Amino acid sequence: MKRPLGLVALVYGSGLLLGEFFKPPLPILFSCAGAVAAAALALHRFRHLLLWPLILFAGWTNFIFHTAILSPNDLRAILAKPELVTIRGMLRKTPDEHRYLRDDKELFRNTAQVDVTAIQQGGNWRPAFGRIVVQTSDARPPEIFANQTVEIYGVIAPPSPPLAEGLFDYRTFLKRQQIYFELKSQSSNDWRLVASEKISTPLHDRFRAWANRALALGLPAEDESLQLERALTLGDKTILTEEVSEPFVQAATYHIFAVDGLRMAIIFGIFFTLFRAVRVPRVATGLLLVPLIWFYVALTDWPASAIRAAVMLTIVIVGWALKRPSDLFNSLYAAALVILIWEPQQLFQAGFQLSFFVVLCILLILPSFDKLTQRLLKTDPLLPDELRPRWRKMLDVPLRFTLDLLLTSFAAWIGSLPLAAYYFHIVTPVSAPANLVAIPLCMMTLASNLISLMLAGWFPAAAEIFNHAGWFLMECIRVTSVWFAQWPGAYFYVPEPHWFTIVLFYLILLTLLTGWFFTSPWRAWKIAGLIFLCALWGVQWQHEYSATRLTILPLNGGSAVYFDAPGSKNDLLIDCGNTNSVERVTKPFLRGQGVNQLPALALTHGDLLRIGGTETLQTVLPIGQIATSGVRFRSPTYRRVVESLKKSPDRWRVLKRGDRLGDWFVLHPQADDHFPQADDNSLVLRGEFHGARILLLSDLGAPGQNALIERTNDLRADIVVTGLPQQGEPIRDELLDLIQPKLIIVTDSEFPATKRAGTALRERLRRRGAAVLYTRETGAVKISLQANQWNVSAMNGFRFASESGSDLQIIAWASDVR
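1. Things to note about the nonpolar core
Move 1: Counting 33 residues, the largest nonpolar core has Leu550 and Trp664 as the members making the most contacts within it.
Move 2: Those residues within four positions of Trp664 in sequence are excluded, and the remaining contacts are Leu550, Phe563, Leu572, Asp659, Leu685, Arg686, Gly687, Phe689, Ile694 and Leu696.
Move 3: Listed in part, the 32 residues of the second largest apolar core include Ala231, Met264, Ile266 and Cys442.

Written out as structure tokens, the structure reads:
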């Protein structure tokens, strides 16, 4: 077998997948693995066949071993609910300090990882085991750094799940690092160093502090480009806030800030070229390069992406130094095996998947691209080299470099396409040209910064020259990334692709690139299988495309409703939340649904918790039409929005009872209504989709409900969505008698306290017999309607389905739904 490690990695990875979905007890797995191993040793004739199930069981057992609760002191066995505790443990690394502005005030957030050794509950200490994340809303005291034993007081609980589909899943992100709990402390006053032995500041922290000063030598001020230099060279990502990183993400150049294969390859290339230029022997070069690479990984604080790249580079360098036949594919598989044996959950991390598939696709695609490059640069074979024009000779090297870089960037983009869509909800056609500029600039910036760091200690004047060069190059990267992101069609957001789409994409791509699809054995069956899989994908896509979806987003006291009709013409967002909600929830949610422009936005009334972020939303997302009622509200924000719409009347639509907004009918208010309370003037919308009626009441209060009852003959609806008015109760019994809903969704929230559904309301709705969901407990609720049936799913695990005219059928009931 030419590349045996490929099949080994595939079988071992299949074992890890089994471990993710099937979790038998460890003794059973050890017994099965031992039985297979014994059979392989005893049955020599079948050893080559039994080896594969043994590798499969090895991966399965290793995954369960790393994720199972093996000790009664495991935090997962100790903690059953959020608790106020004190934990004792060792800081894995110095806390990361993030600074950000809110309402023109500088705020701090510190994030640290602690290996817990003991926990105090109710005044009693007991041994504990597990790794946790600690969040502190305060500046980090300088005496706190890695490897210290600390005691921290705060509330410990599992990390919060995402509020809605498409938002970053912090809980799963930590789970893949075997972190299952998050402790929140109010300030650094809740931290205490445990006196033991004196620990010096770690080398990484001392080096980073010195390097930060060295890279600033001679520069007049600490600006964004200097901070980006530090992120590029030292792996310090505290500067990479969403606002700063967004143009790099949209131009597909954000990867230069990850200490990944590209960065490690550049570092390797710089030192490799230097050592070979001064004629360092082959073996000595290898012996110098390997520790240098790992030293750089240590200085950047051991990020997982750097470790992955360093493992692969080490395998390649050792093989080259020992003059062993090199096979980059086998080296890639070997690196993947080493990483997955050491840390099985890496298989499910975005960084590992992107690194593996991008490198694999580059290795598979580049040979074909290399032939294309040779054909494009081919010269007349009958023309002697000395007769070729001098300008043509001078262009050979830069043209070859440019074409190679462009085609490599394109190959990397192809390899990352479905995974980037899955994890980041974005497709970036501008990737290849943007990286054609960014990567050479990145190489020169890194070289300038490394030279500056080598000179800063003994020749600061020269270091200043390279600092200015590095700053200029980084500024070029920043400006060009912003410029490329502004190209028409440079990027667009897409909904999360189904796992079947991703598997089919890589299956087709890899079988075509390897030539396996065209080999003669079973060619007809391969073609038939591909056609069958593509037909299945088409059926699945048609099923998804034809569905009508409604998502109710809870937004810190307000709420938004996103209506996603088949196609995009009638898509509608009803309210958007306040400014903070737009930035943290509404904007990323819409991008996660693949919304690049919003056909219509309806503002129900002037409540800041519902519409306060309208102006912010308009700056980040093109909005076709904004609909409001004719009622005037006292809210300054609402009035500013209306005044701006008066200047572009083609984008403004005033709604009144009896009007239609896309697929929705307006039931309230009338044109001449003007109730004293803003909530009673809320827009009330009703729609009917695939036989199911949905009624959206917003924050309608008692007077508004009375008007709705008097003016509307038929209020029946299967689903009703209501908020909490400032005065009175929502959805009173008289209104419920007319609606007769199967499902009631109350958009309450934990804060502010006035927006929590009270005990009396909950008891009254419970007696009605309809299913009731409170978004304070469920998170976002998604309703999918299709072919006379509808399904409801909430972020906390609640699921049920219904057909027109039938009762609800509960599919799953989350343990925390009350």
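2. Here we look at the packing of aromatic side chains
Move 1: For the structure shown, the criterion picks out 34 aromatic pairs.
Move 2: Aromatic side chains Phe272 and Trp320 sit 5.3 Å apart centroid to centroid with 70 degrees between the ring planes, which places their arrangement in the edge-to-face category. Here the residue Phe272 occupies a position in helix 9 (residues 261-277), and Trp320 occupies one in helix 11 (residues 304-321), the gap between them amounting to 48 residues.
Move 3: Taking relative accessible area as the criterion, Phe272 reaches 23% and is therefore assigned partly exposed.
Move 4: Since its relative accessible area comes to 22%, Trp320 is described here as partly exposed.
Move 5: In textbook terms, an aromatic cluster arises when at least three aromatic residues are bridged by ring pairs, as seen for Tyr333, Phe352, Phe356, Phe357, Phe505 and Tyr506.
Move 6: If you follow Arg88 out to its NZ or CZ, it ends over the ring of Trp125, 4.0 Å from the centre.
Move 7: Stacked on the ring of Phe751, the Lys or Arg Arg756 has its end atom at 5.3 Å from the ring centre.

3. As for the environment of Leu419
Move 1: Along the polypeptide, Leu419 turns up in helix 14 (residues 390-424).
Move 2: Classification of Leu419 by relative accessible area gives buried; the value is 4%.
Move 3: Between the C-alpha atom of Leu419 and that of Gln486, which follows or precedes it by 67 residues, the distance is 23 Å.
Move 4: Among all residues touching Leu419, those that are not within four sequence positions of it are Gln353, Leu354, Phe357, Phe424, Ile502 and Tyr506.

4. Notes on the sheet that holds strand 20 (residues 719-722)
What holds strands together in a sheet is hydrogen bonding between their backbones, with the strands either parallel or antiparallel.
Move 1: Spatial strand order, 16-17-18-19-20-21-22: seven strands in an open sheet with mixed pairing. Lying at the two open borders of the sheet, with one neighbouring strand each, are strand 16 (660-661) and strand 22 (771-774).
Move 2: Examined bridge by bridge, strand 21 (residues 743-746) and strand 22 share four bridges and lie parallel to one another. Note that in strand 22 the partner of Val746 across the bridge is Tyr774.
Move 3: Here helix 23 (residues 702-711) sits on the sheet and contacts strand 17 (664-668), strand 18 (684-689) and strand 19 (692-698); the angle it forms with strand 17, its principal contact strand, is near 115 degrees.
Move 4: Sheet strands in contact with helix 25 (residues 759-766) are strand 21 and strand 22, and its direction is about 155 degrees off that of strand 22.

5. Here we look at the pattern of salt bridges
Move 1: Inspection of the entire model under this criterion finds 36 salt bridges.
Move 2: For Lys646, the salt bridge goes to Glu643, with nearest N and O atoms at 3.2 Å. In this pair, Lys646 and Glu643 are both assigned in helix 22 (residues 636-646), three residues apart and thus about one turn of the helix distant.
Move 3: Owing to a relative accessible area of 47%, Lys646 belongs among the partly exposed residues under this scheme.
Move 4: Residue classification places Glu643 among the partly exposed residues on the basis of a relative accessible area of 43%.
Move 5: For the salt bridge of Asp699 with Lys755, the shortest nitrogen-to-oxygen distance reads 4.0 Å. Of the two residues, Asp699 sits in the loop between strand 19 and helix 23 while Lys755 sits in the loop between strand 21 and helix 25, which places them 56 residues apart along the sequence. For the pair formed by Asp699 and Lys755, the shared burial category is buried.

Definitions and cut-offs
Residues numbered from 1 in each chain as written. Predicted model: local features only at pLDDT ≥ 70, side-chain atom pairs only at ≥ 80, totals over all residues. Heavy atoms only, no water. Core = buried A, V, L, I, M, F, W, Y, C linked by side-chain atoms within 4.5 Å. Buried < 20%, exposed > 50% of the residue type's maximum accessible area, 1.4 Å probe, protein only. Contact = heavy atoms within 4.5 Å. Phe/Tyr/Trp six-rings, centres within 6.5 Å; stacked < 30°, edge-to-face > 60°. Helix = DSSP H or I, 4+ residues; strand = E, 2+ residues; numbered from the N terminus. Lys NZ or Arg CZ within 6 Å of the ring centre and 35° of its normal. Pairing = 2+ DSSP bridges. Axes fitted to C-alpha atoms, helices over the stretch in contact; angles between N-to-C directions. Salt bridge = Lys/Arg side-chain N within 4 Å of Asp/Glu carboxyl O.

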